[in-house]
Structures are given as C-alpha cells and as structure tokens.
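Now for the letters of each chain:
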Amino acid sequence: MNRKALPILGVMLAALAAIGLAALVAWNQLAGTGHEQGVSRSGEALVAPGITVGGSFELTNQDGQTVTQDSFSGQFKLIYFGYSSCPDVCPTELSSMAAALDIVAEDTPDLAQQVTPVFITIDPARDTPALMKDYVTAFHPRMVGLTGSDAAIADIARKFRVFYSKGTEIEGGFYLMNHSGYVYFMAPDGSFVTMFHGGTSPETMAEAITRYVSGETS
C-alpha cells in the first residue's frame, strides 16, 4: 500500500468508527432497553416514553424552493438524514427507502402515492440544491432533497434527535460526516408514526408503510 495513503486510511477508519458510536449514542437517547422499547419484531425502532420526534421546519428543496411542513399537506413522509458524499451507509438506506416504496406501489399504488420519500442533508456546506437534485433523482423520481442554512439544519436535526458532526478533513479538504442513521416515518400532520433502524430490509419497511397508511396499526 502507498505510504501516503496510510494516514488517510487511518482517518477514514476512525471516522467510520465514530459513525458507529454516533448511532449507538442516538439509539440510547431515543429508545429504552428490552423488547418494549427496543427493536420490534417488524424491524421498527420504538421511541422511549416521553420522547418527542419531529417538528416544524423551513428548508430549501432541490429546485431552490422554500419547503415547510405544510408543503407536504396530506402526505406521509419517509425521512432520512445523511449527506451526498457518504460512501456507503446513506446510499444503502436511500436505496432501501426507494425499493420499499416500489414494493408498496406494486401491490397498492394508491397507498404509495400517499408517501413522499425525503432526504435531508446534514452537510449543507456541500449539498447545494443543484447537487441534491442530481443525487435524489438517482434513487427515486419522487424523492425530495432538502438543504438549508447551518442553523436550519441544526434545528431540524435537534427536533428529530439526529446526531451529526463533521469529521477530520483529509487531503484535498475532503471529510466524512458522523451521524446517526434512522429512517423516520411521519404522519401527514407532521406527527411521529415510527422509525426504522439502519439495515431494515425494503420488504419489512414496505409492510409497515402499508400497515400504517391503510390504518391497520395493530
């Protein structure tokens, strides 16, 4: 291996370890222990009693338009927080979201149309609206990409209890972002429905989406 590559590799490995730690910290903040407050059999991550998730926001979509909670009137939202330069985890989760919606669409097209997939960046310095447009459309034609000011992103991340931080810059100014990685499912009124832990299969996600949108929550 090139000796010059060793320091860069070390920084990247440290950053990936930090991402795993971030996910663990976020899990402990959101969920309790045991089956009742941990991961349910359906693959959903259950929020501990007294914890609120979600809230109002004002961000910018991939077309440069201002977007608020009211912009999604009547729509359930499948939301993931990440960044476009993410090497593996973010693309995997966004692909799972897109595949889950396609599965729902195959069986119940009307239900699928009631759900909007949303990708919110935690790296607004690099994720401009134009870049987000190219990125999200690669995953799903209806996916909405949201960015904004540092303050606006910090605010919505706090409301969703998302942990994120900038990693150490390496050669050329490139850096990774440490962040927690849940997929959130929100009701049309903006209230929290459920969330899925990282690695949940599209099939499991699709089953839960169908159940909640159709009103069969038991």
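Provided above is the structure to which this section pertains.
Residues numbered from 1 in each chain as written. Predicted model: local features only at pLDDT ≥ 70, side-chain atom pairs only at ≥ 80, totals over all residues. Heavy atoms only, no water.

Student: Give a detailed account of the overall build of the protein chain, specifying residues and quantitative values.
Tutor: The helix and strand tally for the protein chain stands at 6 helices and 10 strands. The buried share among the 218 residues of the protein chain stands at 46%. Partitioning the intrachain contacts of the protein chain with sequence separation of at least 6 by distance along the chain shows that 68% fall at a separation of at least 24. Split by element, the accessible area of the protein chain, about 10,300 Å² in all, is 55% carbon and sulfur. (Helix = DSSP H or I, 4+ residues; strand = E, 2+ residues; numbered from the N terminus. Buried < 20%, exposed > 50% of the residue type's maximum accessible area, 1.4 Å probe, protein only. Contact = heavy atoms within 4.5 Å. Areas by Shrake-Rupley, 256 points an atom, 1.4 Å probe, with all protein chains shown as cover.)

Student: An account of the packing of aromatic side chains is requested, with residue identities and associated values reported.
Tutor: Tallied over the entire structure, the rule returns 9 aromatic pairs. Judged by centre distance (6.5 Å) and plane angle (50°), the ring pair of Phe57 and Phe72 falls under tilted. In this pair, Phe57 is assigned in the loop between strand S1 (44-45) and strand S2 (58-61) and Phe72 in the loop between strand S3 (66-68) and strand S4 (76-82), connecting sequence segments 15 residues apart. Look at Phe72 and you get buried, because its relative accessible area is 7%. Ring geometry for Phe160 and Tyr184: centres 5.2 Å apart, planes at 80°, overall edge-to-face. Of this pair, Phe160 sits in the loop between helix H5 (150-159) and strand S7 (164-166) while Tyr184 sits in strand S9 (residues 183-186), and the two are 24 residues apart along the sequence. When sorted by exposure, Phe160 lands in the same class as Tyr184, which is buried. One aromatic cluster is present, built from ring pairs that chain together Phe81, Phe160, Tyr182 and Tyr184. The ring of Tyr175 is capped by Arg126, whose NZ or CZ atom sits 3.6 Å from the centre of that ring. Between the NZ or CZ atom of Arg211 and the centre of the ring of Tyr212, over which it lies, the distance is 5.0 Å. (Phe/Tyr/Trp six-rings, centres within 6.5 Å; stacked < 30°, edge-to-face > 60°. Lys NZ or Arg CZ within 6 Å of the ring centre and 35° of its normal.)

Student: Tell me about the pattern of salt bridges, residues and numbers included.
Tutor: Evaluated as defined, the whole model comprises 7 salt bridges. One salt-bridge network, held together by shared partners, links Glu44, Glu207 and Arg211. (Salt bridge = Lys/Arg side-chain N within 4 Å of Asp/Glu carboxyl O.)

Student: Tell me about the side chain of Glu44, residues and numbers included.
Tutor: Inspection of the secondary structure puts Glu44 in strand S1. A distance of 2.7 Å separates the side chain of Glu44 from the side chain of Thr194, its partner in a polar contact. (Polar contact = N/O pair within 3.5 Å; in protein donor to acceptor, adjacent residues only side chain to side chain.)

Student: For the packing of helix H2 (residues 89-107) against helix H6 (residues 202-213), give the residues involved together with the corresponding values.
Tutor: A pair of packed helices is captured by two measures, namely the crossing angle of their axes and the spacing between those axes. Look at H2 against H6: their axes get within 8 Å of each other, and the N-to-C directions meet at 55°. When the axis of H2 is compared with that of H6, the two are oblique. Crossing geometry of H2 relative to H6 is assigned as right-handed. Each of Ser96, Met97, Ala99, Ala100, Leu101, Ile103 and Val104 in H2 lies in contact with H6, whose residues at this interface are Pro202, Glu203, Met205, Ala206, Ile209 and Thr210. Among the residues making up the contact of H2 with H6, the classes are represented as 10 nonpolar, 2 polar and 1 charged. (Axes fitted to C-alpha atoms, helices over the stretch in contact; angles between N-to-C directions. Parallel < 35°, antiparallel > 145°, perpendicular 65-115°, else oblique. Left-handed = near helix turned anticlockwise from the far one by under 90°. Nonpolar A, V, L, I, M, F, W, Y, C, P; charged D, E, K, R; others polar.)

Student: Go over the environment of Leu78, please, and point to the residues and values.
Tutor: Tracing the backbone through its elements, the reader meets Leu78 in strand S4. Spatially, the C-alpha atoms of Leu78 and Val183 are 6.7 Å apart, while their sequence positions differ by 105 residues. Sequence-distant contacts of Leu78, defined by excluding residues within four places in its chain, comprise Met97, Val115, Thr116, Pro117, Val118, Val183, Tyr184, Phe185, Phe196, Met205 and Ile209.

Student: Quick one: what's the story with the nonpolar core, residue by residue and with numbers?
Tutor: With 55 residues, the main nonpolar core has Leu78, Phe81, Ile120, Phe160, Tyr184, Phe185 and Ile209 as its most contacted residues. Not counting chain neighbours up to four residues away, the residues in contact with Phe160 comprise Val53, Gly54, Gly55, Ile79, Phe81, Tyr184 and Met186. (Core = buried A, V, L, I, M, F, W, Y, C linked by side-chain atoms within 4.5 Å.)

Student: Could you give an account of the sheet that holds S3, with specific residues and numbers?
Tutor: Here we have 8 strands laid out as an open sheet, ordered S1-S10-S9-S4-S5-S6-S2-S3, and mixed in their pairing. Looking at which strands have only one partner, the edges of the open sheet turn out to be S1 and S3. Packed on one face of the sheet, helix H4 (residues 129-137) meets S2, strand S5 (115-121) and strand S6 (144-147) and runs near 150° to S6. (Pairing = 2+ DSSP bridges.)

Student: So, the pairing of S9: which residues are in play, and what are the values?
Tutor: Of the two faces of S9, the one lined by Val183 and Phe185 and the one lined by Tyr184 and Met186 are each fully buried. Two strands pair when backbone bridges link them, and S4 and S9 are joined in this way by 4 bridges, in the antiparallel orientation. Pairing of Ile79 across the sheet is with Tyr184, part of S9. Summarising the sheet, S9 and strand S10 (residues 192-196) pair through 4 bridges and their orientation is antiparallel. Of the residues in S10, the one forming a bridge with Phe185 is Thr194. The loop that links S9 with its antiparallel partner S10 comprises 5 residues; one of these, Gly190, has a positive phi angle of about 90°.

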